Amino acid sequence: MVIKGEYVNIKGSKIHYLEIDKESSKDTVILLHGKRYNAYDWINSGIAENLSNQGFKVICFEFPGYGSSEECDLEKEEVLLEFVKKLNISSFHLVAPSFSGEISIKFALKYGDMLKSLTIVDSINVDKYKEKLNEIYVKTLIVWGKKDEIAPYEFAEILKNNIKNSALFVFENLGHTCYFDDAKKFSEVLINFIKGLN
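Read on for an overview of the structure. (Residues numbered from 1 in each chain as written. Predicted model: local features only at pLDDT ≥ 70, side-chain atom pairs only at ≥ 80, totals over all residues. Heavy atoms only, no water.)

Glancing now at the packing of aromatic side chains. For any pair of aromatic rings, the description consists of the separation of the ring centres together with the inter-plane angle of the planes. Counted according to the given criterion, the structure contains 13 aromatic pairs. Residues tryptophan 42 and phenylalanine 180 carry aromatic rings whose centres are separated by 5.3 Å and whose planes lie at 65° to one another, so their mutual orientation is edge-to-face. Linking tryptophan 42 in helix H1 (residues 39-44) with phenylalanine 180 in helix H6 (residues 178-181), this pair joins segments that are 138 residues apart in sequence. Judged on exposure class, the residue tryptophan 42 and its partner phenylalanine 180 are both buried. With a centroid separation of 4.6 Å and 55° between ring planes, the pair formed by phenylalanine 61 and phenylalanine 83 is classed as tilted. Here the residue phenylalanine 61 occupies a position in strand E4 (residues 57-61), and phenylalanine 83 occupies one in helix H3 (residues 76-86), the gap between them amounting to 22 residues. Like phenylalanine 61, the residue phenylalanine 83 is buried in the burial classification. A connected cluster of aromatic rings, assembled from ring pairs, spans Tyr17, Phe61, Phe63, Tyr66, Phe83 and Phe99. In this arrangement the basic side chain of lysine 14 is found over the ring face of tyrosine 7, its NZ or CZ atom lying 4.7 Å from the centre. Taking the ring centre of tyrosine 153 as reference, the NZ or CZ of lysine 146 above it sits at 4.9 Å. (Phe/Tyr/Trp six-rings, centres within 6.5 Å; stacked < 30°, edge-to-face > 60°. Helix = DSSP H or I, 4+ residues; strand = E, 2+ residues; numbered from the N terminus. Buried < 20%, exposed > 50% of the residue type's maximum accessible area, 1.4 Å probe, protein only. Lys NZ or Arg CZ within 6 Å of the ring centre and 35° of its normal.)

Right, here's the structure in full:
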C-alpha cells in the first residue's frame, strides 16, 4: 500500500490530503474526518487499507484548519467542491462522520449529482436539515452508534425517514466513534454497500 501525502492550492490555502493509489483503481472513495481527527486516523484504523484492498482509490481529505491544511475562508462544502475539481474527480463515494456529516449533507443538497453514494456516520446537527433531506436522491448509507451522546440516535431515524434512497446500519453497543471502535465491521458494511450499488 503506497500512501502519498499531497497538497492542493485552494483560493491561496494549502489543503492537505492522503491518497492511496492503486493501479487500475475502481471508483474513488473520499473519506472526511470528525472534529478531533485527521486524515491519518483512517490509515491507522485500517479502514483506508480495507477499501484500497477492494480496488478503490482512497483519498483521506483534511478540512481547512485541521491536520496539515491551512485555514480557508470558503464554506467547507465549497472547499470540497474545489478540491475534487482540482483533482479532476467528476464523481465519487463520500464517507462523512460527525461534523463532516453535516458538511456532506450540505454538499449532497448542492452537488448531489457528483456523488455515487453518500455514507453519513453519527452526524451532528441533522435536525437543522430535516425539511430539506427529501431533496437528497443519492443512495445513502447511514451508520450510527446507538449509544452516541453527541449526535443522538434520533438523528439516524430522521435521516432514514427523510432520505428516500437510504439504508441504516446500527452499532447497538457503541457510541459516537463507532466506525473506529469497530473498524473491521464498519469496513465490511461500507464495502458491501458500495459494491451493492451497481
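As a further point, take the sheet that holds strand E6 (residues 115-121). Pairing within the open sheet is mixed, and its eight strands lie in the order E1-E2-E4-E3-E5-E6-E7-E8. Only two strands of the sheet have a single neighbouring strand rather than two, namely strand E1 (3-10) and strand E8 (166-171). This sheet shows a mean twist of 20° between the axes of neighbouring strands, independent of strand direction. With four bridges joining them, E6 and strand E7 (residues 140-145) adopt parallel strand pairing. Bridged to threonine 119 within E7 is leucine 141. In the packing of H3 onto the sheet, the strands contacted are E1, strand E2 (13-20), strand E3 (28-31), E4 and strand E5 (92-97), and the crossing angle to E1 comes to about 115°. (Pairing = 2+ DSSP bridges. Axes fitted to C-alpha atoms, helices over the stretch in contact; angles between N-to-C directions. Contact = heavy atoms within 4.5 Å.)

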